[in-house]
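Report on the structure
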Amino acid sequence: GQSRAAIEWGFLLNKIERLKTERCLTVILLSHSEPFQVKNPNGTDYLQLRPGVEKEKFPATAQYADAILLMDYVIAVNDVDKAKNQGKAKGGNDRFMYTVGSAGFYAKNRLGLPPVIALGNSNQEAWNNFAAAMMAGKN
């Protein structure tokens, strides 16, 4: 099942790449993020957010993609009760796109995008800010 699907996924990525080249397109694939257990050879393993692509398909997808970006809300956690490992979240109104990875999430950027793009308060503003960053990155 998953092994065969990974092969078919590779064929799909090759077809998308051919379309991009032949028609001079920019292709955007969207995915939710999910936590992924990173095996850390230098210390404790940890969780990292990655695109919600099956583990068999992720390496080919990551190699193919010119950018893997994380969109998220800024959330601050206050009043942390360490005994219960709980706190009160605040925020969740300011949206940002992250183009450079960190220990907490996977990202990559071959498009010349800035490390962080403010997405504003509406879908239209988010698209306009992303499109402007794409155009600036091409120059």
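Structure: above.
All of the points below concern the structure found in this document. (Residues numbered from 1 in each chain as written. Predicted model: local features only at pLDDT ≥ 70, side-chain atom pairs only at ≥ 80, totals over all residues. Heavy atoms only, no water.)

**A word on helix 1 (residues 2-23)**
- Helix length check: helix 1, at 22 residues, gives a terminal C-alpha distance of 31 Å against a target of 32 Å (1.5 Å per residue), a fit within 8%.
- Every buried residue belonging to helix 1 is among L13, I16 and K20, and all of these are buried. Along the axis of helix 1, the buried residues cluster in a sector spanning 65°; they form a single face. Turned more than 90 degrees away from the buried face of helix 1 sit N14, T21 and E22, all of them exposed.
- Packed against the buried residues of helix 1 are helix 2 (58-64). (Helix = DSSP H or I, 4+ residues; strand = E, 2+ residues; numbered from the N terminus. Expected span 1.5 Å × (residues − 1). Buried < 20%, exposed > 50% of the residue type's maximum accessible area, 1.4 Å probe, protein only. Arc of directions from axis to C-beta. Contact = heavy atoms within 4.5 Å.)

**Focus: the packing of aromatic side chains**
- Within the structure shown, the criterion is met by 3 aromatic pairs.
- With 5.1 Å between their ring centres and 80° between their planes, F58 and Y106 make a pair best called edge-to-face. Here F58, found in helix 2, pairs with Y106, found in the loop between strand 5 (86-98) and strand 6 (108-109); they are 48 residues apart in sequence, far enough to count as distant.
- The exposure class assigned to F58 is buried, which follows from its relative accessible area of 10%. (Phe/Tyr/Trp six-rings, centres within 6.5 Å; stacked < 30°, edge-to-face > 60°.)

**Quick look at the nonpolar core**
- Formed by M97, L113, I117, L119, A126, F130, A133 and M134, the largest nonpolar core amounts to 8 residues.
- Of all the secondary structure elements, the ones that give two or more residues to this core are strand 7 (116-120) and helix 3 (123-138).
- Here this core gets 4 residues from one element, more than from any other, and that element is helix 3.
- Setting aside anything within four residues of it in sequence, one finds M134 in contact with T26, L111 and L113.
- Counting residues in hydrophobic clusters, the runner-up holds 7 residues, among them L13, I16, Y64 and I68. (Core = buried A, V, L, I, M, F, W, Y, C linked by side-chain atoms within 4.5 Å.)

**Structural notes on the side chain of K57**
- For K57, the position within the fold is in the loop between strand 2 (46-51) and helix 2.
- With a relative accessible area of 12%, K57 lands in the buried category.
- Among all residues touching K57, those that are not within four sequence positions of it are Q2, A5, A6 and W9.

**Quick word on a nonpolar patch on the surface**
- A cluster of nonpolar side chains, namely L19, L25, V27 and L29, defines an oily patch on the protein surface of about 300 Å² accessible area.
- By secondary structure assignment, the location of L29 is in the loop between helix 1 and strand 1 (33-38). (Patch = residues over 30% accessible without salt bridge, like charges linked within 9 Å, V, L, I, M, F, W, Y side chains within 5 Å. Areas by Shrake-Rupley, 256 points an atom, 1.4 Å probe, with all protein chains shown as cover. Salt bridge = Lys/Arg side-chain N within 4 Å of Asp/Glu carboxyl O.)

**Some details on the sheet that holds strand 4 (residues 70-81)**
- Pairing within the open sheet is antiparallel, and its 3 strands lie in the order 4-5-7. The sheet terminates laterally at strand 4 and strand 7, the two strands that pair on one side only. When strand polarity is set aside, the average angle formed by the axes of neighbouring strands in this sheet is 50°.
- In the sheet, strand 4 pairs with strand 5 via 9 bridges, with the strands oriented antiparallel. Looking at strand 5, one finds that L70 is bridged to Y98.
- Packing against the sheet, helix 3 makes contact with strand 5 and strand 7, and its axis sits at approximately 150° to strand 7. (Pairing = 2+ DSSP bridges. Axes fitted to C-alpha atoms, helices over the stretch in contact; angles between N-to-C directions.)

**Focus on the pattern of salt bridges**
- Scanning the model with the defined rule gives 6 salt bridges in all.
- The residue R4 makes a salt bridge to E8 at a minimum N-O spacing of 2.6 Å. Note that R4 and E8 are positioned in helix 1 at a spacing of 4 residues, about one turn of the helix.
- Look at E8 and you get partly exposed, because its relative accessible area is 36%.
- Note that E22 and R18 form a salt bridge whose closest N and O atoms lie 3.8 Å from each other.

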